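Observations on the three-dimensional arrangement
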Amino acid sequence: LYSFEMAGRRVSPLLVIAVAACGLWMLPRTFVPPMPASDRVTTSSQGAPSMEDASKLSALAATLAVPQAAEARLPDEFVAFAPIVDVLPILPVFFLLLAFLWQASVGFR
């Protein structure tokens, strides 16, 4: 019915070279160099833990807290809504299925 041909677009070699040059110019600024060993914070004179130890401790605490979060209880005022809360995570799947049902009803136009 309609036959339109798109005009062929040629990319200028100068543009390609300019983009490559900008990329190579920005490449060294992309990565952060590691800190020298003399600047790293280890333990202070008082024996406080370093940042690395603190991050390991927080990761361990988060790992230990995950099972407790899965068994969390609703406050007493909201216990009546527990069946609704149990269904809420499934709702996005229902919306996805509804989208497919809608497309099937209109013939996947």
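Calculation criteria
Residues numbered from 1 in each chain as written. Predicted model: local features only at pLDDT ≥ 70, side-chain atom pairs only at ≥ 80, totals over all residues. Heavy atoms only, no water. Helix = DSSP H or I, 4+ residues; strand = E, 2+ residues; numbered from the N terminus. Buried < 20%, exposed > 50% of the residue type's maximum accessible area, 1.4 Å probe, protein only. Areas by Shrake-Rupley, 256 points an atom, 1.4 Å probe, with all protein chains shown as cover. Salt bridge = Lys/Arg side-chain N within 4 Å of Asp/Glu carboxyl O. pLDDT = per-residue confidence, 0-100. Expected span 1.5 Å × (residues − 1).

**Focus on the overall build of the protein chain**
The helix and strand tally for the protein chain stands at four helices and zero strands. What you see in the protein chain, going N to C, is helices and strands ordered as α-α-α-α. Evaluated residue by residue, the protein chain yields a buried proportion of 1% over its 109 residues. As displayed, the protein chain has an accessible area near 10800 Å², and 71% of this comes from carbon and sulfur atoms.

**Re the pattern of salt bridges**
Under the criterion given, the structure shown has one salt bridge. Between glutamate 52 and lysine 56 there is a salt bridge whose closest N-O contact spans 3.5 Å. Residue glutamate 52 and its partner lysine 56 are located together in helix α2 (residues 51–70), separated by four residues, close to a single helical turn. For the pair shown, glutamate 52 and lysine 56 are each scored as exposed.

**A look at the confidence of the model for the protein chain**
Per-residue confidence for the protein chain averages 77 on the pLDDT scale, and 72% of its residues sit at or above 70. Across the protein chain, helix α4 (residues 91–105) holds the top mean pLDDT of 93, while α2 sits lowest at 72.

**Overview of α4**
Note that an α-helix has 3.6 residues per turn; residues three or four places apart therefore point the same way. Its 15 residues give α4 an end-to-end C-alpha distance of 21 Å, which sits within 8% of 21 Å, the value for a rise of 1.5 Å per residue. Little of α4 sits inside the fold, with zero of its 15 residues counted as buried. Just downstream of α4 lies glycine 107, where phi reads positive at about 80 degrees.

**Quick notes on helix α1 (residues 13–26)**
For α1, with 14 residues, the first-to-last C-alpha span of 20 Å sits near the 20 Å given by 1.5 Å per residue. Counting buried residues in α1 gives zero out of 14 residues, a small share hidden from the surface.

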